[in-house]
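Results of the structural survey
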Amino acid sequence: MKFMRKYPLFLLPEHLGLKGRWNWDAKEAGEYREWLLGVMDGRVDQLVRLLGEPRGDSPSDHLMRLGAKAAPLLKREPFSKILDRPVMVTLRAGGEDREVVHKAAGERELAEAGWSLAVDMGLLLAQYFLQAFPDASWRTVLKPKNDYNYNLPVLGGIVSYKGLEPIRLSEVVARGILDDTKGEDGWKLVYELYHEEGGPGGRFALPPKSG
């Protein structure tokens with residue numbers, strides 16, 4: 001793969017980005033969901049094309065092939081940068097105190113291009129989850145306000161708790177690659193975990209309704 005010096009950035013509509021998702025009202029949260037779903041297919045198609053790994057095999061194999069190319073990209077500029085001082089970083093898809101990551105000088109941190117690549121891998125995960133679970137659907141978490149997916153669209157119908165936020169799952173993989181706690185198979189393993197354990201009858205399944 002030819003070295004990629006530029007990657008299409010994931011940029012929210014300006015008024016939503018400036019306000020920040022913790023400050024959106026319900027209408028704005030719904031607007032973000034519709035915007036995200038509107039750009040999802042195009043961004044995933046772009047990801048597949050830029051990394052040169054078309055679909056055609058199983059989701060696991062496809063995610064593995066993409067991960068083998070995405071992982072080394074994340075460890076170099078412009079996808080990540082070496083910090084010149086210690087910082088506290090809040091997960092972009094998180095936001096509570098427990099989602100703060102302490103990074104030391106000399107460690108790598110995701111740059112905008114790396115964050116955008118992680119987003120697109122998360123959107124691909126979402127597509128594969130929707131394919132695997134026909135009853136899954138998008139919904140927006142509007143309460144409680146301290147929920148780490150507050151105002152974000154999540155996939156319901158796969159797990160017993162409020163839903164899967166695929167961008168968040170992908171960001172965790174990307175950050176793990178930077179600190180060597182996860183490998184290029186990270187996205188594949190996330191998919192396989194929920195594919196095997198989610199949905200009706202799985203370990204993460206919704207409990208049966210009483211009565």
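In the block above lies the structure referred to throughout.
None of the values given here were measured: they were computed from a predicted structure.

Cut-offs used in this document
What you see as residue numbers is a count from 1 along each chain, following the sequence as written. The model is predicted, so local features are restricted to residues of pLDDT at least 70 and side-chain atom pairs to those at 80 or more, both for listing and for counting; the totals for chains, interfaces and linings are taken over all residues. The side-chain numbers reported here are obtained from all heavy atoms of the structure, hydrogens and water having been left aside. Under the DSSP-based scheme used, a helix requires at least four consecutive residues in state H or I and a strand at least two consecutive residues in state E, with every element numbered from the N terminus. For every residue, the accessible area (1.4 Å probe, protein chains only) is compared with the maximum for its type, and the residue is labelled buried under 20%, exposed over 50%, or partly exposed between those bounds. The contact criterion used is simple: two residues touch if any of their non-hydrogen atoms lie within 4.5 Å. Exposure was quantified through the Shrake-Rupley algorithm and a 1.4 Å probe, taking into account, for residues, occlusion by the shown protein chains and nothing else. Pairing between two strands is assigned when DSSP locates at least 2 bridges connecting them. By definition here, a helix of n residues has an expected span of 1.5 Å times n minus one. The angle separating two fitted axes, one through the seven residues that finish at a residue and one through the seven that start at it, defines the bend at that residue. Between Lys or Arg on one side and Asp or Glu on the other, a salt bridge is scored when a side-chain nitrogen of the former is within 4 Å of a carboxyl oxygen of the latter.

So, about the overall build of the chain. Within the chain, the regular secondary structure consists of six helices and six strands. N-terminal to C-terminal, the α/β element order of the chain is α-α-α-β-β-β-β-α-β-β-α-α. Looking at the chain as a whole, 48% of its 211 residues are labelled buried. Residue pairs in contact within the chain that sit at least 24 positions apart in sequence constitute 64% of those at least 6 positions apart. When the accessible surface of the chain is totalled, it reaches about 10,900 Å², and 53% of it is carbon and sulfur.

Backbone torsion omega between Glu 77 and Pro 78 reads 5°, so that peptide bond is classified as cis. For Pro 78, the location among the structural elements is in the loop between helix H3 (59-74) and strand S1 (80-82). Each neighbour pair has its own omega, and for Lys 143 with Pro 144 the value is -5°, a cis peptide bond. Here Pro 144 shows up in the loop between strand S5 (137-140) and strand S6 (153-156). Non-glycine residue Asn 151 carries a positive phi angle of around 70°. Checked against the element boundaries, Asn 151 lands in the loop between S5 and S6.

So, about the side chain of Asp 120. Take Asp 120: it is sitting in helix H4 (residues 112-132). Its relative accessible area of 0% is what places Asp 120 among the buried residues. When near neighbours in sequence (up to four residues on either side) are disregarded, Asp 120 contacts Tyr 7, Arg 43, Val 44 and Leu 47.

For Leu 125, the position within the fold is in helix H4. Between the alpha carbons of Leu 125 and Glu 165 there is a distance of 9.9 Å; along the sequence they are 40 residues apart. Residues in contact with Leu 125, not counting those within four places in the same chain, are Leu 63, Pro 166, Trp 187, Val 190 and Tyr 191.

In S5, alternate side chains face the same way, and those of Trp 138 and Thr 140 are buried while those of Ser 137 and Arg 139 on the opposite face are not. Pairing between S5 and S6: four bridges, direction antiparallel. Looking at the pairing, Arg 139 lines up with Val 154 of S6.

Another point: helix H2 (residues 26-51). With 26 residues, H2 should reach 38 Å at 1.5 Å per residue; the first-to-last C-alpha distance of 36 Å fits that figure. Helix geometry: H2 is bent most strongly at Met 40, by close to 40°. Among the residues of H2, Glu 28, Ala 29, Tyr 32, Leu 36, Met 40, Arg 43, Val 44, Gln 46, Leu 47, Val 48 and Leu 51 are the ones counted as buried. Immediately beyond the C-terminal end of H2, within one or two residues, lies Gly 52, with a positive phi of roughly 70°.

For the coordinates displayed, the defined rule picks out eleven salt bridges. In this structure, Glu 53 engages Arg 65 in a salt bridge whose closest nitrogen and oxygen atoms are separated by 2.3 Å. With Glu 53 in the loop between H2 and H3 and Arg 65 in helix H3, this pair connects stretches of sequence that are twelve residues apart. Here Lys 75 and Asp 180 are joined by a salt bridge, their closest N and O atoms 2.4 Å apart. Pair noted here: Lys 75 is in the loop between H3 and S1 and Asp 180 is in the loop between helix H5 (166-178) and helix H6 (186-197), with a separation of 105 residues, a long-range link. We classify Lys 75 as partly exposed; its relative accessible area is 35%. The network of salt bridges with shared partners includes Glu 53, Asp 57, Arg 65 and Lys 69.

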